[in-house]
Amino acid sequence: MKILVAGAHGAVGRLVTARLVGAGHEVRGMVRDPAQAEQVRALGAEPVIADLTRAATLPAAVAGSEAIVFAAGSRGKDLDGVDRGGAMRLIDAAGTAGSGRFIMLSSFFAGHPDEGPEKIRPYLRAKRAADDHLAASRLQYTIVRPGWLTDDAGTGLVTTGAYLADQSGSISRSDVAETLVAALDVPQTVGRAFEVVSGSEPIREALTRLS
């Protein structure tokens, strides 16, 4: 499959890119800074220079992609340019290009942002707006909302659900990346938004049980 990873130089994006390449996909890694191109190439992907804040750069980036994984983020520094507006612009470009599949890395609480920690509610509202824009598109979407991210080693074991009662759960970036990649070919994830934290069920099994 021809897959574009937006945010391929980020902590989760790098892990996603490496996994997709290892699985035999034809991967293009989208970054804004040309200086990051060689690091993307070192992962085995073709670097693509494009800017989420500039809609005119996105059609060429998504051209030919059968699926897109959105793993970009501004760390709260540019909510409109990247986390909300940037995601929306890429969704629109993907829809126009006929990309088909779109996997969104979202956030815990994005489904109910006013219940999240007060200091990050603007970020959560931005993510919710992007999620809603994707859900309203014609793309075959999956929205993944992980708990608090850690750099722990992945276990491959998770708990998933549309809404998890325990909102203090965490998950490794490695397991988030594995979840994003696995979602690409698990039919039960299409048209779904779900939360995910570390748990006791193998990732692929957890995804097939989504309802």
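For the structure, check the block above.
Parameters and conventions
- Residues numbered from 1 in each chain as written.
- Predicted model: local features only at pLDDT ≥ 70, side-chain atom pairs only at ≥ 80, totals over all residues.
- Heavy atoms only, no water.
- Pairing = 2+ DSSP bridges.
- Helix = DSSP H or I, 4+ residues; strand = E, 2+ residues; numbered from the N terminus.
- Contact = heavy atoms within 4.5 Å.
- Axes fitted to C-alpha atoms, helices over the stretch in contact; angles between N-to-C directions.
- Polar contact = N/O pair within 3.5 Å; in protein donor to acceptor, adjacent residues only side chain to side chain.

Peer 1: I would appreciate a short explanation of the sheet that holds strand 1 (residues 2-6) in the present structure.
Peer 2: Sheet strands pair via backbone hydrogen bonds, and the direction of the pair is either parallel or antiparallel. Spatial ordering of the open sheet is given by 3-2-1-4-5-6-10-8-11, a layout of nine strands whose pairing is mixed. The sheet is open, and its two borders are formed by strand 3 (46-49) and strand 11 (201-202), each paired with just one other strand. Bridge analysis of strand 8 (residues 157-161) against strand 11 gives two bridges, and the strand direction is antiparallel. Along strand 11, the bridge assignment pairs L157 with P202. Of the strands in this sheet, strand 1, strand 2 (26-31), strand 4 (67-70) and strand 5 (101-105) are in contact with helix 1 (residues 11-22), which crosses strand 1 at around 165°. Relative to strand 5, helix 6 (residues 173-183) is tilted by about 165°, and along the sheet it contacts strand 4, strand 5, strand 6 (140-146), strand 8 and strand 10 (192-198).

Peer 1: Please clarify how the environment of E201 should be interpreted in this entry.
Peer 2: Inspection of the secondary structure assignment puts E201 in strand 11. Between the C-alpha atom of E201 and that of T17, which follows or precedes it by 184 residues, the distance is 24 Å. The contacts of E201, once residues within four sequence positions are left out, are G156, L157, V158, A206 and R209. At 2.9 Å, the side chain of E201 and the side chain of R209 are in polar contact.

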